[in-house]
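Topology and contacts: notes
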Amino acid sequence: MDRSSRIKELLLKYVATVTHTSTELEKNNEKFFSEWFNEIEKSSKLPLHCGFFAVPNDKLNRKIPYAFIIGKSKNTIILIHHTDTVDVEDYGNLKDIAYDPVALNKAYLSGSVDLNKNAKKDLQEGGWILGRGATDMKSGGVMHMALFEEYMTDIDFQGSILLLGLPDEENSSAGMRAAAYLLDKLHNDFGLEYKLTLNGEPHERKNPKNMMIYDGTIGKIMPIFLVRGKLAHVGQVYSGLNPIHILSEIVTRTELNPEFLEKAGNTVAPPCTWLYFKDRKYVYDVSLPIYLGGYMSILPLRRSPKELMERLYNISKESFNIVIKRTNESYKKYCQLSGEKYEPIIYEPKVMYYADLYNEIISSGDDRIISQIKKIESNLTEDVMSSKYSRAEACYKMMEALLNFYEYRGPIIVLGISAPYYPSNNNMDLENKDKMNLLVKKIQSFGKEQLSIGVDIQNYYTGICDLSYSMFPYAQEDIDYIENNMIMWGKSYNIPLNLIKKYSTPVLNIGAWGKDFHKYTERVLEEDLVNRTPKLIDFTIREFLKSK
């Protein structure tokens, strides 16, 4: 069977395998890969190893399917794709055929389904494959698998290939974070030396005639805030301090703030935005809320977590002072109208990092308090693992618990980091950046001369992906900062940053052209899938392995 036919055959089987993220259905990837392993074990001419690596401490007991071949050297290229997909609720009454590209195409062409103008045009012209996961990102997986099958029959293959199928990318990348332990094991057991990581996420095009590849990926950090105000009845509002007022000011000063826009290379990061804002009341009453929580998303390119958190700390302190000033202005006017004597309302604008709050309480040396805190952490970890609480909710409960042990009882802002955390990276961060820049130029030349298509390079993939955990070129102080300020670190969430740093490789994302990711019109361009993109990946692999 030729490569194109094999890729399409694998795609239809893979799309038909339901692997909804963060559900038991994700484990269907084991059946799919078990069947593939049985197929390829019969025909490999190189040393072949296949297996499943359990994701540590995973509440769903998911596993990473992996296969590797050892060629003429142990210089290894890692091929990654994620095995999970989002669900199919948006397909409506066509949910049952969301995994059948042929049936879906027929249903859409019948005219009975509401399609946007672009999707309707593509389907009428033909050449696109529909289906949940057809583009995001089982397309990347099957291209890697088909190429793997070719390499394993080549006794002169110049290097080694490790293929990974990663669960949970659509949620918090438990698979890729766990893959660092697998890389460590395979390095120790087989001597694999990791030189390059290729991801197969689909790309979107600015120019329909040009493919897009990426030589880095954007990061994601989620600063989380807990604000404690001062309790008061709404009829005596000036005797209290509303935490909603404080956090609202922080939100106003940060939401879409151009100060957080960032450009690196030819990529501009989207602005920061808030994802959650809610008081901590569980029943209605006529008092001001005592606690309010919120978290935001920042997608950095080059800025470190420490740099971002320090700026947010300063904004928080400035916002606190603005609220105190505004409160006094309002109270002064109230006193003028009511004839009461005005005396300024005074609060200390107290802001603390989570790490400082935690360490101050622990360093008190009170064994009873330390024991209680450790028990709270343990219980919250179990609650997250059992899905009783989200990670963010566990963070809030942990911060509230710490404040209950803290001697200071006044209004305060506590600022920490919530999971998940995705480091940003780019090949320009590595010592061999010149080699990678030369490789990219060769890829562009190959695309133009052999595939008759332009190849654009974007310095950061902005969709957030598993490549974040392929490279961590930062210093130990950055690792320490993240570990100290991420709430519940090492309990319900962990990133083996030291291992990732040890096995850091250059990265490239080379995927097929896809459209409408996560939507019921999700589709991949067939010509890219079965022809152009696998040729580009194959050229990249062979060119990299032969270069010095």
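Since the model is a prediction, treat every value here as computed from it, not as a measurement.

1. Re the sheet that holds strand β17 (residues 454–458)
- Sheet architecture is open: eight strands sit in the order β1-β2-β5-β3-β6-β18-β7-β17, paired in mixed fashion. On the outer flanks of this sheet lie β1 (48–54) and β17, each paired with one strand and no other. Each strand of the sheet is rotated relative to its neighbour by a mean of 25 degrees, with strand direction disregarded.
- Pairing between β1 and strand β2 (residues 63–70): seven bridges, direction antiparallel. Opposite F53, over in β2, you have I64 as the bridge partner.

2. Digging into a nonpolar patch on the surface
- On the surface, V234, Y284 and V286 cluster together into a nonpolar patch covering about 340 Å² of accessible area.
- If you trace the backbone, V234 turns up in the loop between β9 (220–228) and α7 (243–254).
- According to the relative accessible area criterion, V234 is partly exposed, its value standing at 48%.

3. Notes on the sheet that holds strand β20 (residues 523–525)
- Taken in spatial order, the three strands of this open sheet run β4-β20-β19, and their pairing is antiparallel. Here the strands that pair on one side only, and so sit at the sheet edges, are β4 (128–130) and β19 (514–515).
- Summarising the sheet, β4 and β20 pair through three bridges and their orientation is antiparallel. From the neighbouring strand, L130 faces β20, where its bridge partner is R523.
- Contacts between helix α4 (residues 117–125) and the sheet are confined to β4, β19 and β20, with β20 contributing the most and set at about 50 degrees to the helix.

4. Some details on the nonpolar core
- Grouped together as the largest cluster of nonpolar side chains are 76 residues, with contacts concentrated most on I64, L162, L164 and F225.
- Viewed by domain, this core spans two of them, domain 1 (3–218 + 425–470 + 505–545) and domain 2 (223–417), each represented by three or more residues.
- I77, A119, A146 and F446 belong to the second-largest nonpolar core, a separate cluster that totals 67 residues.

5. Considering the domain arrangement of the protein
- Looking at the assigned domains, one finds that the protein contains domain 1 (3–218 + 425–470 + 505–545) and domain 2 (223–417).
- Here domain 1 and domain 2 have C-alpha centroids that lie 40 Å from each other.
- On the domain 2 side, the residues contacting the 14 residues of domain 1 number 14 residues.
- Interface of domain 1 and domain 2: buried area, both sides summed, is about 1,100 Å²; carbon and sulfur atoms make up 50% of it.
- Viewed at the interface, domain 2 and domain 1 are joined by one salt bridge.
- Linking D429 and R302 is a salt bridge whose minimum nitrogen-to-oxygen distance equals 2.3 Å.
- Summed over the shared surface of domain 1 and domain 2, the result is eight residue pairs in polar contact (both at pLDDT 80 or more).

Conventions used here
- Residues numbered from 1 in each chain as written.
- Predicted model: local features only at pLDDT ≥ 70, side-chain atom pairs only at ≥ 80, totals over all residues.
- Heavy atoms only, no water.
- Pairing = 2+ DSSP bridges.
- Helix = DSSP H or I, 4+ residues; strand = E, 2+ residues; numbered from the N terminus.
- Axes fitted to C-alpha atoms, helices over the stretch in contact; angles between N-to-C directions.
- Patch = residues over 30% accessible without salt bridge, like charges linked within 9 Å, V, L, I, M, F, W, Y side chains within 5 Å.
- Areas by Shrake-Rupley, 256 points an atom, 1.4 Å probe, with all protein chains shown as cover.
- Salt bridge = Lys/Arg side-chain N within 4 Å of Asp/Glu carboxyl O.
- Buried < 20%, exposed > 50% of the residue type's maximum accessible area, 1.4 Å probe, protein only.
- Contact = heavy atoms within 4.5 Å.
- Core = buried A, V, L, I, M, F, W, Y, C linked by side-chain atoms within 4.5 Å.
- Domains from an automatic or database assignment.
- Buried area = accessible area lost by both parts, 1.4 Å probe.
- Polar contact = N/O pair within 3.5 Å; in protein donor to acceptor, adjacent residues only side chain to side chain.

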